[in-house]
Amino acid sequence: MRETDSPGADRQQVREADRKGGPGHTVLVALAVAVPVTKLAYTVGGGDAVRDVLVGMEPANWPDILIGMVITDPLLGSVLGVVVSRVIFAVFAARGAVPLGSGTARAVRRAALTLVNPVAVGIIDACFFGPWWGLATGLTAFALRQGVVVEYRTGRRRPRHRHGPEQAHHDPGYRPPSWLRRAAGVEQWVALSLTVLVLPFLAFVSALDGQAWTSIVECRVTYGTRTESDRLIELSRKGSGVVGWNLDSEQISDGLGCTSEESRYVREPWWRR
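Residues numbered from 1 in each chain as written. Predicted model: local features only at pLDDT ≥ 70, side-chain atom pairs only at ≥ 80, totals over all residues. Heavy atoms only, no water.

As a rule of thumb, soluble globular proteins bury nonpolar side chains together. Counting residues in hydrophobic clusters, the biggest one holds 32 residues, and the most contacted among them are L40, V44, V53, W213, I233 and W245. Sorting the residues of this core by element identifies α2 (22-44), α3 (48-57), α4 (64-72), α5 (74-94), α7 (131-154), α8 (178-207) and β2 (226-238) as the ones contributing at least two each. Not counting residues within four places of it along the chain, the set of residues in contact with V44 comprises A49, V50, V53, W213, I233, W245 and R267. With six residues, the next largest nonpolar core counts C219, V221, L232 and V242 among its residues. (Core = buried A, V, L, I, M, F, W, Y, C linked by side-chain atoms within 4.5 Å. Buried < 20%, exposed > 50% of the residue type's maximum accessible area, 1.4 Å probe, protein only. Helix = DSSP H or I, 4+ residues; strand = E, 2+ residues; numbered from the N terminus. Contact = heavy atoms within 4.5 Å.)

Next up, the structure:
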């Protein structure tokens, strides 16, 4: 058997992937670049409009597109929270953060490491979308960590560095029941599916849904000697006015006396065109 075909080599590859964030890290970086540009291009019509909007937003405000998408779409925001939570946990677990061995102190440390981040993600989600979304997100993030803990404690995965009394690569006395081992395997597939299939799908659905990533306001816009009431996608605020993409004249405009509209729809979703 070649070395690259051995179970040890497979575990080494998984371990190295965990240390670098796994497929979740790659997917998150790709989405952070591609999705906001897609959202912007579809919403304002592409072409020169994309350049004009980016210039009007200024570089410091460019992340607003992605942030706006996440905090206005409960399902996208919740799945993203779960994926980010697991990526962070896998990175730290691969660097030896999961305490091995028995004893109350280590059990408490394991529980804290496993619980703190899902609780935080659940609270953030609840603040944006309500308690039920927060509860579901927190529980899912917690559940998808258990497989990682089981694999590191049983030695199926090994941390990159170990020092001191935790030099062992697994808990010799740890014997999880068979159902927990099977659940750990299922967890890996669920996490992978959420990361490489569900999250990109939801992200691009949100990018092509025809809604602005921020508020749409109706403002007084001056053209030479005449003043009209136009709809603007708010890009930034300047003094008492708004700088935005003018949906009526298709250009960057300065608006005064702006009032917010309830609907953020700019055009029909891509799948209805």
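Of note, R86 is situated in helix α5. Separated by 2.7 Å, the side chains of R86 and E187 make a polar contact. In this structure R86 touches L144, V148, E187, Q188 and A191, once residues within four positions along its chain are discounted. (Polar contact = N/O pair within 3.5 Å; in protein donor to acceptor, adjacent residues only side chain to side chain.)

What follows concerns the environment of T137. Within the fold, T137 resides in helix α7. For T137, a relative accessible area of 3% puts it in the buried group. A sequence separation of 57 residues divides T137 from L80, and the C-alpha atoms of the two residues are 9.6 Å apart. Once residues lying within four places of it in the same chain are set aside, the contact partners of T137 are S78, V82, V121 and D125.

Right, let's get into unusual backbone geometry. Despite not being glycine, E250 has its phi angle at roughly 55°, a positive value. Here E250 lies in the loop between β3 (241-246) and β4 (251-260). On the accessibility criterion, E250 (56% relative accessible area) is exposed.

In this structure the tally under the stated criterion is eight salt bridges. Of the charged contacts in the structure, one is a salt bridge between R51 and D48, with a shortest N-O distance of 3.7 Å. Pair noted here: R51 and D48 are both in helix α3, with a separation of three residues, about one helical turn. (Salt bridge = Lys/Arg side-chain N within 4 Å of Asp/Glu carboxyl O.)

What follows deals with the pairing of β2. Note: strand β1 (residues 216-223) against β2, eight bridges, orientation antiparallel. Its bridge partner lying in β2, I216 is registered against I233. Counted along the chain from β1 to the antiparallel partner β2, the turn is two residues long, and its residue G224 has a positive phi close to 65°. Across six bridges, the pairing between β2 and β3 is antiparallel. Paired with E234 across the two strands is G244, which belongs to β3. Taking the residues between adjacent antiparallel strands as the criterion, β2 and β3 are bridged by two residues, where G239 takes a positive phi near 60°. (Pairing = 2+ DSSP bridges.)

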